[in-house]
Amino acid sequence: MISLYSIDAEKPFLAAAIRNPLILADCPDLRASDFSPDVNRVVFSMLQATLSSGGEFSKYLLIDRLNSLNIKLGGVLEPSHYINALELLEISDKAAVQLAKEIKRTTHRREMHEIGESVLSRSPLVKI
């Protein structure tokens, strides 16, 4: 079965976007819903919110905003630990844009999978 999220692409993409937020301008179709719901969706959402508030961006500001909401990523991870771990992933800006495309392709696969599941569950001729 196909993976419904591309976690292996999400982490390096987030690392690159935290290091260089201008990458997000090259990926305008990317949405928070494209990321896995447990951890990476929260980080991406807060990254976008922090950038939209204007001013200078830093990983420390991102961590501070996550901490101010008393968020534990995945219910257990401290934001500072996760963001600092992401920082260790080295990826070029060009590779990050390619990962964004992979993340979006995975979203389309997930949506098609959900449509297929819906059709199968409604069809009286198909037994699951």
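For the structure, check the block above.
Predicted, not measured: the structure shown is a model, and the values here were computed from it.

**With respect to the packing of aromatic side chains**
Working step 1: In total, this model carries 2 aromatic pairs according to the counting rule given.
Working step 2: Relative to phenylalanine 35, the ring of phenylalanine 13 lies with its centre 6.2 Å away and its plane at 35°, an arrangement referred to as tilted. Placement of the pair is phenylalanine 13 in helix H1 (residues 7–19) and phenylalanine 35 in the loop between H1 and helix H2 (40–52), with a sequence separation of 22 residues.
Working step 3: Between the aromatic rings of phenylalanine 35 and phenylalanine 44, the centroid separation amounts to 4.5 Å while the plane-to-plane angle is 25°, which identifies the pairing as stacked.
Working step 4: In this structure phenylalanine 35 comes out as buried when scored by relative accessible area, which is 0%.

**Examining the side chain of serine 36**
Working step 1: Following the sequence through the fold, serine 36 ends up in the loop between H1 and H2.
Working step 2: Among residues more than four places away in sequence, those in contact with serine 36 are Tyr5, Ile7, Glu10 and Arg41.

**Considering the packing of H1 against helix H4 (residues 79–87)**
Working step 1: Close contact between H1 and H4 brings their axes to 8 Å; oriented N to C, the two are set at 90°. The pairing of H1 with H4 is recorded here as roughly perpendicular in orientation. Between H1 and H4, the contacting residues are Lys11, Leu14, Ala15 and Ile18 on the first element and Tyr82, Ile83 and Leu86 on the second.

**Quick look at the pattern of salt bridges**
Working step 1: All chains considered together, the criterion is met by 6 salt bridges.
Working step 2: Residue arginine 105 pairs with glutamate 102 through a salt bridge whose shortest N-O separation is 3.0 Å. Of this pair, arginine 105 and glutamate 102 both sit in helix H5 (residues 93–122), 3 residues apart, which is roughly one turn of the helix.
Working step 3: Residue arginine 105 is classed as partly exposed on the basis of its relative accessible area of 43%.
Working step 4: Sharing partners across several salt bridges, the network here consists of Glu102, Arg105 and Arg109.

Parameters at a glance
- Starting afresh in each chain, residues are numbered from 1 along the sequence in its written order.
- Two thresholds apply to this predicted model, a pLDDT of at least 70 for residue-level local features and 80 or more for giving and counting side-chain atom pairs, whereas whole-chain, interface and lining totals are computed over all residues.
- Only hydrogens and water are removed before side-chain values are computed, so all heavy atoms of the structure are retained for them.
- Put simply, two rings from Phe, Tyr or Trp (the six-membered ring, in Trp's case) pair if the centres are within 6.5 Å, and we call them stacked under 30 degrees between planes, edge-to-face over 60, tilted for the rest.
- Elements are defined by DSSP. Helices are runs of H or I of four residues or more, strands are runs of E of two residues or more, and each kind is numbered from the N terminus.
- Only protein chains enter the area calculation, which uses a 1.4 Å probe; residues under 20% of their type maximum are buried, those over 50% are exposed, and those in between are partly exposed.
- Whether two residues touch is decided by their heavy atoms; if any such pair falls within 4.5 Å, the residues are in contact.
- To obtain an axis, a line is fitted to C-alpha atoms, over the contacting stretch when the element is a helix, and the angle between two such axes runs from 0 to 180 degrees between their N-to-C directions.
- Oblique is the label for any angle not under 35 degrees, not over 145, and not in the 65 to 115 range, which are roughly parallel, roughly antiparallel and roughly perpendicular in turn.
- Salt bridge, as used here: a side-chain nitrogen of Lys or Arg that lies within 4 Å of a carboxyl oxygen of Asp or Glu.

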